[in-house]
Number of protein chains: 2
Amino acid sequence: MRKQERERLILQFLDENGYIDVSDIESKCSVSAITARRDLEKLAKLGYLVRTHGGAVKEESVSNLFSFSKRIDHSTKKKIAIAKYASQFIHDNDAILMDSGTTIFRLCDFIQKRNDLKVITSSLPVASELIKSPAIKVFLIGGEVFPDRRATYGPIASEHISHYHAKKAFIGTDGVSIQSGITVQDVNEVTRIKSMINVADKVYLLCDSSKIEQNSLFKMAPISTIDYLITDDAVSEEIVEKYKEAGVEILVAEVE
Amino acid sequence: MRKQERERLILQFLDENGYIDVSDIESKCSVSAITARRDLEKLAKLGYLVRTHGGAVKEESVSNLFSFSKRIDHSTKKKIAIAKYASQFIHDNDAILMDSGTTIFRLCDFIQKRNDLKVITSSLPVASELIKSPAIKVFLIGGEVFPDRRATYGPIASEHISHYHAKKAFIGTDGVSIQSGITVQDVNEVTRIKSMINVADKVYLLCDSSKIEQNSLFKMAPISTIDYLITDDAVSEEIVEKYKEAGVEILVAEVE
DNA sequence: GTCTAAATGGTTATTTATGATTGTTATAAT
DNA sequence: ATTATAACAATCATAAATAACCATTTAGAC
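This section reports on the structure supplied with the text.

1. Focus: the interface of chain B and chain A
For an interface, size is often stated in terms of accessible area lost upon the parts coming together. Of the residues lining the interface, 37 residues belong to chain B; the matching set on chain A comes to 33 residues. Both faces combined, the contact of chain B with chain A buries some 3000 Å², and carbon together with sulfur accounts for 67% of it. It is B:Ile131, B:Leu140 and B:Glu144 that lose the most area in chain B upon contact with chain A, and together they represent 17% of the buried surface on that side. Summed over the shared surface of chain B and chain A, the result is 3 salt bridges. A salt bridge links A:Glu144 to B:Lys137, with the nearest nitrogen and oxygen atoms 3.7 Å apart.

Okay, here's the thing in structure tokens:
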């Protein structure tokens, strides 16, 4: 296989999966790691992808005003896998709520091609990304903008959410446990997420396995308020059982 | 095998496989490497394929680079001058409304260092720009996002604006005339700008001189609703007088 | 048969692509 | 926070592909 053919393959894989490992290229293309890295380096230079430690992620936001700084860590992969898995619950004609946070943001990659999708979001990056898709209507939740999270919050935002109704809500969190429920680091998030849960029929909590049975500072809602918890495959069978007993179905996304 | 026959085979193979090696041609057609290369060279020249080191790939598989043309033309200069001039009316501790549009967006550059400034905006680019400044609080007007303008609009947006009050509103337009007042190209803009005017003490209309005494499709508000019109130095003294009589002060920004 | 022009093949210096090694740095596990 | 592991950049080395040059063959014209 030639260089160009490899490059095409890399970009195609990246488009479908959101990320690629150096080792993926090694095995798929039968080249050494250094060659794989050189390919990624070149493509990154051209702006087709963003290099990470051990691979690369899709350059989803060349023209995105609110792009997240691309973090170079392994957990990115988990988040993408979780997002990809979650995307299967989003269908044409749906009206969904999308909260802020990197995991939720990754959902954008996988729902760009939905038809007649209505997305209500508090996240500026999500809005900025999804308005590129002509068949998606984006509704931005107004309110004060929280610079760190690039999302709106505050009483006006919470009030604003009550204007809407959605089939499904996709939210992220800093921690979740059976004992304390959903907990977050920032008190500003609390009311907004509560409002989202209130106006949605089904609530999907997206969080990687490292956050399960971890508590953050502020209690937001009991575990019973969520319907599905989507996480990565590093979660133990034991925890899945426990959560099932607590009324939460854990859905496991395979991380490659 | 004839030359033409080889060429046909090469293109066919390329169409099926996406790529071809020089060695493939050598074995398939029983010719030397140099002949194979000459064939590829010719076909590449004609645009049927793209040459690679060691072979060739399909023409379409080479993706194009995204080209950002960030030209600063004359009208951009005017807009910058107008924005710079307008920025002197924005002070520390102010609460202001900023609409969408390129001219208004240029204001961001000149107010980044204000202290305790509250900015209420319908524009995603404005929000994304100003949240970088720690001393500026940004309030985003919620509602449906209008992809072309990267701004929110619709009944929810208009209703949302009524939650706020601001000292000054900075708005743009597609046309303004004494006869028809402020007019815009898009009907979606109408109600939002109206709402903005309603909640602001003073209204600043920013528009370059080419739009003065020009009418666009939708009437938005009579000329009397605006307090100041900031434009560039290509406006005639005669028009300034006329507008003064109509109760609008025209402020002229020098372009360079 | 001899000539001409196009096509093809061989040789060599050069360029390009790839691989191996080593010390450094980033990430994950503890 | 500390340690172990994996990924990294930098360097050099190697192999393959290339361009440029000249030589040879082939097909058709006279």
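Still to come is the rest of the account.
2. Notes on the packing of aromatic side chains
Any two aromatic rings considered together are summarised by their centre-to-centre distance and by the angle between their planes. Residue and element names in this part refer to chain B. The final tally for this structure, using the stated rule, is 14 aromatic pairs over all chains. Centroid distance Phe139 to Tyr164: 5.7 Å. Interplanar angle 65°. Geometry classified as edge-to-face. Taken together, the positions of Phe139 in strand E6 (residues 136-140) and Tyr164 in the loop between helix H7 (155-161) and strand E9 (166-172) put the pair 25 residues apart, joining distant regions of the chain. Here the two residues Phe139 and Tyr164 agree in accessibility, since each one is buried. Their ring planes at 20° and their centres at 4.8 Å tell us that Tyr204 and Tyr228 sit as a pair that is stacked. Here the residue Tyr204 occupies a position in strand E12 (residues 200-206), and Tyr228 occupies one in strand E14 (residues 228-232), the gap between them amounting to 24 residues. Given the relative accessible area of 4%, Tyr204 is considered buried. Judged by relative accessible area, which is 22%, Tyr228 ranks as partly exposed.

3. Looking at empty space enclosed by the protein
All names here are of chain B. Across all of its chains, the model carries 2 cavities of 30 Å³ or more by this definition. Looking at the lining of the second largest cavity, the elements with two or more residues in it are helix H1 (3-17) and helix H2 (22-29). With 4 residues, the top contributor of residues to the lining of the second largest cavity is H2. Class assignment of the residues belonging to the lining of the second largest cavity gives a composition of 6 nonpolar, no polar and 2 charged.

4. Concerning the side chain of B:Lys58
Its place among the elements puts B:Lys58 in strand E3 (residues 55-58). Here B:Lys58 is in contact with B:Leu14, B:Asp15, B:Gly18 and B:Val50, once residues within four sequence places are set aside.

5. Considering the sheet that holds strand E10 (residues 175-177) of chain A
All names here are of chain A. Spatially, 3 strands are ordered E10-E11-E13 in an open sheet, and the strand pairing comes out antiparallel. With partners counted over all chains shown, the strands left at the sheet margins are E10 and strand E13 (218-221), one partner each. Going from strand to strand, the sheet's axes swing by 35° on average, the running direction of each strand aside. As judged from the 3 bridges shared by strand E11 (residues 181-184) and E13, these two strands associate in the antiparallel manner. Counted as the bridge partner of Ile182 is Ala221 from E13.

Calculation criteria
Sequence order sets the numbering: in each chain, residues are counted from 1 along the sequence as written. All chains are assigned letters beginning at A, and all ligands numbers beginning at 1, according to the order in which they are written. With the structure being a predicted model, the display of local features is reserved for residues of pLDDT at least 70 and the display and counting of side-chain atom pairs for 80 or more, all residues being used for whole-chain, interface and lining totals. Excluded from the side-chain calculation are hydrogens and water; included are all heavy atoms of the structure. Pairs of residues are marked as contacts when any of their non-hydrogen atoms sit within 4.5 Å. The term buried area refers to how much accessible surface (probe radius 1.4 Å) is lost by two components on association, counted for both of them together. By salt bridge we mean one thing: a side-chain nitrogen of Lys or Arg within 4 Å of a carboxyl oxygen of Asp or Glu. Any pair of Phe, Tyr and Trp rings, taking the six-membered ring for Trp, is counted once the centres come within 6.5 Å. Such a pair is stacked with planes under 30 degrees apart, edge-to-face with planes over 60 apart, and tilted for the rest. A run of H or I in DSSP counts as a helix once it spans at least four residues, and a run of E counts as a strand once it spans at least two, with each numbered from the N terminus. Burial classes: relative accessible area under 20% of the type maximum marks a residue as buried, over 50% as exposed, and values in between as partly exposed (1.4 Å probe, protein chains only). Buriedness of a pocket was judged along seven lines, with at least five required to meet protein on both sides within 12 Å; pockets are open sets of points on a 1 Å grid over the protein atoms alone, cavities are sets where a 1.4 Å probe fits but cannot get out, and lining residues have an atom within 4 Å of a point. Grid points are joined across faces, edges and corners, and a volume is the space filled by probe spheres set on the points. Three categories are distinguished: nonpolar for Ala, Val, Leu, Ile, Met, Phe, Trp, Tyr, Cys and Pro, charged for Asp, Glu, Lys and Arg, and polar for the others, with Gly belonging to the last. Pairs of strands are assigned from DSSP output, requiring at least two bridges between the strands. As a rule, the C-alpha atoms of each element are fitted with a line to give its axis, helices using only the stretch in contact, and angles between N-to-C directions run from 0 to 180 degrees.

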